[in-house]
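Below are the chains, spelled out letter by letter.
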Amino acid sequence: MAELTTTEEARNDLLSCAIYLAGKINSNEAQALTLKPIILRCLEKDDVDNAAHFADIINDSFTRNQMLIAVISKCVQLDDDEYAFQLIEAIDEYGTQATARETIAIQKALKGDFAKALEIAETLEHPSHSYAAIAINQAKKGFENEALETLQRIDFHKSVVEALEAITTDCLEQKQVGKAVAFLEIALEESENIEFAEDKIRALFEIANLFVEAEKNDRAIETLAKAAAETEKIDGLHKDGLFANIAVGYLKAGSLDLADRTLDEVGDKTQVANCLVGFSQVFDKEGEKEDSLDSLEEAYAILNSQQENEIRDSNSRHQLFSAIAVQFARLEKIERAIEIAHENPDVFQTNLALANISQLCVLQGNDEMAQQATKGIDSDSQRLTALVGLSDAKNQIDKKTEAVEFLDEAVTLIETIPQFIARTDTQNELANRFGFYGETEKARKLASASLQTVGEILGNDNRSLALSELAKVFEKYDFQLSDEDKELLGTLVQKSDW
């Protein structure tokens, strides 16, 4: 591939260097992967011309077309419709051209230009997704009747119900409960027409949850009963999980009796335990701590009683062990939480649970147990991640100084990350966080250290990707390249031909 920028520009600017290295890649797949973040970076700057140029030279057809759609979307956002429609002609696949037109229709709906959005949607062979997006945005703008009219154009009942659920959610967020319930009733009626049983059950479950949010528990229970009746008709591995979700839904709606009766329909012990964890979370939210703990202990006992031949999915079981440990921490049973976390056969899940437990301890004001949980993490990289989480937790309770201290500790573990790509990502993340706290000097030091790490990465593709990400940090905090930084860029340019 020809050089995409000059050598001089590449030696003096991070993003230009990333672009230069991308021009040295021979593999079509690697080239596409590398140009993608560069194009997205151009779009963040509203630079549609360069974004379109870089998209157009991608040799991988799928990625090229996807990136052209991203450029088209940005053009509509910038009110450059002429260029957007012009770029559609550059797409070399008919189906993807249709997707691009759909994207324009959706962007028009987001901007409130419903007439144009509908005009474009009418030209599409499969317009359901566009109509759903238009209806959702019409409802947001207060055009409820028009939204319902648009929904009538959709051929797929599942899409109609999902759109109505989205409209309901927005109404609830706006505290428009009456409107929310009205849309939910329409969604409930429409759900009867959904063809596939599991799709219908999940739709009913979501509708029931929204009824609970709207404080219409009686309608939620009636809806869950319909979901349970549909679930009884199906066979397969998903049946237990569906019944478990319905049981939790009944409890949220205020019926412990129906929740328990539905739980009796669940055969798989992992799903029973998962449901009981859900019960614990509901009880906890309602302030019923004793019931919450009882449900959690029962979940743990059932999961622990599983024999090898009863385990359908080991990964799900390990994740549930982690969830149980974390829920004990939420209920301030920290020692019990740490104990169960260490019982997990999956070391990664053990470390993840301990990291989450430590954060909860900080939020509860229990720094001593937070430290104990963190010490139990036997992976340096996961401990580093945990320390960043602890920093975030301290920030949540407005303890900025202590938040920075945890970041300082995290920095000491950077060198333990063996993969250079992961290391530079971590350095960028920490630089961003120090910058957030106004620790500019620390952020700048990490940014240069990240550039040094990029120099250790093998391959123009991986170096280009890393430079694209690092460029964001430099631009965000207006860092200027030092002579040493520019020297390193020069070395990367020189190495690119090797």
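Data block above holds the structure.
Scoring rules and cut-offs
Residues numbered from 1 in each chain as written. Predicted model: local features only at pLDDT ≥ 70, side-chain atom pairs only at ≥ 80, totals over all residues. Heavy atoms only, no water. Helix = DSSP H or I, 4+ residues; strand = E, 2+ residues; numbered from the N terminus. Core = buried A, V, L, I, M, F, W, Y, C linked by side-chain atoms within 4.5 Å. Buried < 20%, exposed > 50% of the residue type's maximum accessible area, 1.4 Å probe, protein only. Contact = heavy atoms within 4.5 Å. Patch = residues over 30% accessible without salt bridge, like charges linked within 9 Å, V, L, I, M, F, W, Y side chains within 5 Å. Areas by Shrake-Rupley, 256 points an atom, 1.4 Å probe, with all protein chains shown as cover. Salt bridge = Lys/Arg side-chain N within 4 Å of Asp/Glu carboxyl O. Lys, Arg positive; Asp, Glu negative; His and termini not counted. Charge placed at Lys NZ, Arg CZ, Asp CG, Glu CD. Phe/Tyr/Trp six-rings, centres within 6.5 Å; stacked < 30°, edge-to-face > 60°. Disulfide = S-S within 2.5 Å. Expected span 1.5 Å × (residues − 1).

Colleague: Could you give me a rundown of the environment of glutamate 335, with the residues and numbers involved?
Modeller: Tracing the backbone shows glutamate 335 in helix α20 (residues 334-343). The spacing of glutamate 335 and glutamine 372 is 37 residues in sequence and 9.6 Å in space, taken between C-alpha atoms.

Colleague: I'd like to hear about the nonpolar core, residue by residue, with values.
Modeller: Counting 167 residues, the largest nonpolar core has Leu14, Ile39, Val71, Phe279, Ile324, Ile357 and Leu467 as the members making the most contacts within it. The element that contributes the greatest number of residues to this core is helix α13 (residues 197-213), accounting for 9 residues. Discounting chain neighbours no more than four positions away, the residues touching isoleucine 357 are Ala325, Val326, Ala329, Ile334, Ala337, Ile338, Ala341 and Ala373.

Colleague: Please provide a residue-by-residue account of a negative patch on the surface, values included.
Modeller: Negative charge collects at one region of the surface, where Glu232, Asp260, Asp264, Glu265, Glu286, Glu288, Glu290, Asp291, Asp294 and Glu298 lie side by side. The biggest single contributor to the negative patch is helix α18 (residues 289-304), with 4 residues. Looking at where glutamate 290 falls in the secondary structure, it is placed in helix α18.

Colleague: Any details on the packing of aromatic side chains? Residues and values, ideally.
Modeller: Remark: the centre distance and the inter-plane angle together describe each pair of aromatic rings, the angle taken between the planes. The final tally for this structure, using the stated rule, is 5 aromatic pairs. Aromatic pair phenylalanine 114 and phenylalanine 143: ring centres 6.1 Å apart, planes at 80 degrees, arrangement edge-to-face. Here phenylalanine 114, found in helix α8 (residues 114-121), pairs with phenylalanine 143, found in the loop between α9 (128-140) and α10 (144-151); they are 29 residues apart in sequence, far enough to count as distant. We classify phenylalanine 143 as partly exposed; its relative accessible area is 39%.

Colleague: Got a sec to walk through the state of the cysteines? Specific residues and values, please.
Modeller: Per the counting criterion, the structure on display carries 0 disulfides. Unpaired in terms of disulfides, cysteine 17 finds its nearest cysteine sulfur in cysteine 42, a separation of 15 Å.

Colleague: Got a sec to walk through the side chain of threonine 168? Specific residues and values, please.
Modeller: Here threonine 168 is to be found in helix α11 (residues 157-173). When residues no more than four places from it in sequence are discounted, the contact partners of threonine 168 are Ala180, Phe183, Leu184 and Leu210.

Colleague: So what's going on with the pattern of salt bridges? Which residues, and what values?
Modeller: The tally for this structure, following the rule as stated, stands at 32 salt bridges. Among the salt bridges present, the one from aspartate 92 reaches arginine 64, with a minimum N-O distance of 3.9 Å. Remark: arginine 64 occurs in helix α5 (residues 61-77) and aspartate 92 occurs in the loop between α6 (81-88) and α7 (94-110); sequence separation between them is 28 residues. Note that lysine 179 and glutamate 144 form a salt bridge whose closest N and O atoms lie 2.7 Å from each other. Taken together, the residues lysine 179 in helix α12 (residues 177-191) and glutamate 144 in helix α10 connect sequence positions 35 residues apart. A relative accessible area of 35% places lysine 179 in the partly exposed class. Taken together, the salt bridges that share partners define one network made up of Arg41, Glu44, Lys45 and Glu475.

Colleague: Just give me the short version of the side chain of lysine 200, but keep the residues and values in it.
Modeller: Relative to the assigned elements, lysine 200 resides in helix α13. Classification of lysine 200 as buried rests on a relative accessible area of 13%. For lysine 200, the contacting residues outside a window of four places in its chain are Ser191, Glu192, Ile194 and Glu230.

Colleague: Describe helix α15 (residues 238-252), listing the residues and the values that go with them.
Modeller: For α15, which comprises 15 residues, the first-to-last C-alpha distance of 21 Å matches the rise-based estimate of 21 Å (1.5 Å per residue) to within 8%. With 11 of its 15 residues buried, α15 lies for the most part within the structure. Taken together, the buried positions of α15 are occupied by Asp240, Gly241, Leu242, Phe243, Ala244, Ile246, Ala247, Val248, Gly249, Tyr250 and Leu251. At its buried positions, α15 is contacted by α13, α14 (217-232), α16 (256-263) and α17 (269-285). Among the residues trailing α15, glycine 254 stands out with phi positive, at a value near 100 degrees.

Colleague: How would you explain unusual backbone geometry if you had to name every residue and give the values?
Modeller: The backbone of aspartate 46 sits at a positive phi, close to 65 degrees, despite the residue not being glycine. Along the chain, aspartate 46 turns up in the loop between α3 (28-44) and α4 (48-56). The class of aspartate 46 is partly exposed, set by a relative accessible area of 39%. Even without glycine at this site, aspartate 79 takes up a positive phi of about 65 degrees. Within the fold, aspartate 79 resides in the loop between α5 and α6. Owing to a relative accessible area of 55%, aspartate 79 belongs among the exposed residues under this scheme.

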